[in-house]
Amino acid sequence: MQPSHYKDPHAAALGQRGGQKRMEQLNATERSALARHAAKARWHPREAQEARERAQEITYLIKQALKNGRQLPLV
């Protein structure tokens, strides 16, 4: 019996090529950090979500400070 939903082989090949192209542009440290983040997201999803939310909050605060022209405090 054929599955009703299957992946388009051409789209899968394009996606794989895009991932390989992205990895070529990263250095070993960046690839390692991405792999570490992916493993943490897979095995500890709550911790990964909390880290992502903290990073988004910090990014938002920095953007707001730069938008208002204030000096960023160095901690």
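Participant: Account for the overall build of the chain, naming residues and giving values.
Facilitator: A tally of helices and strands in the chain yields three helices and zero strands. Reading the helices (α) and strands (β) of the chain from amino to carboxyl end gives α-α-α. Across the 75 residues in the chain, those meeting the buried criterion constitute 4%. Carbon and sulfur atoms make up 56% of the accessible area of the chain, which amounts to about 7500 Å² in all.

Participant: Please set out a nonpolar patch on the surface residue by residue, giving values where relevant.
Facilitator: A contiguous nonpolar patch, built from Ile 58, Ile 62 and Leu 66 and spanning about 280 Å² of accessible area, is present on the exposed surface. Here Ile 62 is to be found in helix 3 (residues 45-67). For Ile 62, a relative accessible area of 37% gives the class partly exposed.

Participant: Explain helix 3 residue by residue, including any values.
Facilitator: Think of an α-helix as turning once every 3.6 residues; residues three or four places apart then point the same way. For helix 3, with 23 residues, the first-to-last C-alpha span of 32 Å sits near the 33 Å given by 1.5 Å per residue. Looking one or two residues beyond helix 3, the residue adopting positive phi is Gly 69, at roughly 75°.

Participant: Account for the packing of helix 2 (residues 28-43) against helix 3, with residues named and values stated.
Facilitator: When two helices pack together, their arrangement is given by the angle between the helix axes and the distance between those axes. Taken N-terminus to C-terminus, the directions of helix 2 and helix 3 make an angle of 125°; their axes are 5 Å apart at the nearest point. The orientation of helix 2 with respect to helix 3, classified from their angle, is oblique. Side by side, helix 2 and helix 3 meet where His 37, Lys 40, Ala 41, Arg 42 and Trp 43 of the first sit next to Pro 45, Ala 48 and Arg 52 of the second. Each residue belonging to the contact of helix 2 with helix 3 can be placed in one class, and the counts come to four nonpolar, one polar and three charged.

Participant: Go over the confidence of the model for the chain with me, naming the residues and quoting the values.
Facilitator: The predicted model of the chain has a mean per-residue pLDDT of 82, with 85% of residues at 70 or higher. By mean pLDDT, the top-scoring element of the chain is helix 2 (90), and the lowest-scoring one is helix 1 (residues 9-25) (79).

Conventions and cut-offs
By convention here, each chain's residues receive numbers from 1 onward along its written sequence. Residues qualify for local features only when their pLDDT is at least 70, as the model is predicted, and side-chain atom pairs are given and counted only at 80 or more; totals for whole chains, interfaces and linings, by contrast, use all residues. Excluding hydrogens and water, the side-chain values take into account all heavy atoms of the structure. Put simply, DSSP marks the helices as runs of H or I at least four residues long and the strands as runs of E at least two long, and each gets a number from the N terminus on. Only protein chains enter the calculation, and the probe is 1.4 Å; a residue is then buried if its accessible area is under 20% of its type maximum, exposed if over 50%, and partly exposed in between. Computed with a 1.4 Å probe, the accessible areas rest on the Shrake-Rupley method; for each residue, only the protein chains presented here act as cover. Any residue with relative accessible area above 30% and no salt bridge may belong to a patch, with like charges joined within 9 Å and the nonpolar Val, Leu, Ile, Met, Phe, Trp and Tyr side chains within 5 Å. Definition used for salt bridges: Asp or Glu carboxyl oxygen within 4 Å of a side-chain nitrogen of Lys or Arg. What a helix is expected to span follows from its residue count: subtract one and scale by 1.5 Å. The angle between two axes is taken between their N-to-C directions and runs from 0 to 180 degrees, where each axis is a line fitted to C-alpha atoms and a helix contributes only its stretch in contact. Roughly parallel means an angle under 35 degrees; roughly antiparallel, over 145; roughly perpendicular, 65 to 115; everything else is oblique. Whether two residues touch is decided by their heavy atoms; if any such pair falls within 4.5 Å, the residues are in contact. Three categories are distinguished: nonpolar for Ala, Val, Leu, Ile, Met, Phe, Trp, Tyr, Cys and Pro, charged for Asp, Glu, Lys and Arg, and polar for the others, with Gly belonging to the last. What pLDDT conveys is the predictor's confidence in a given residue, as a value from 0 to 100.

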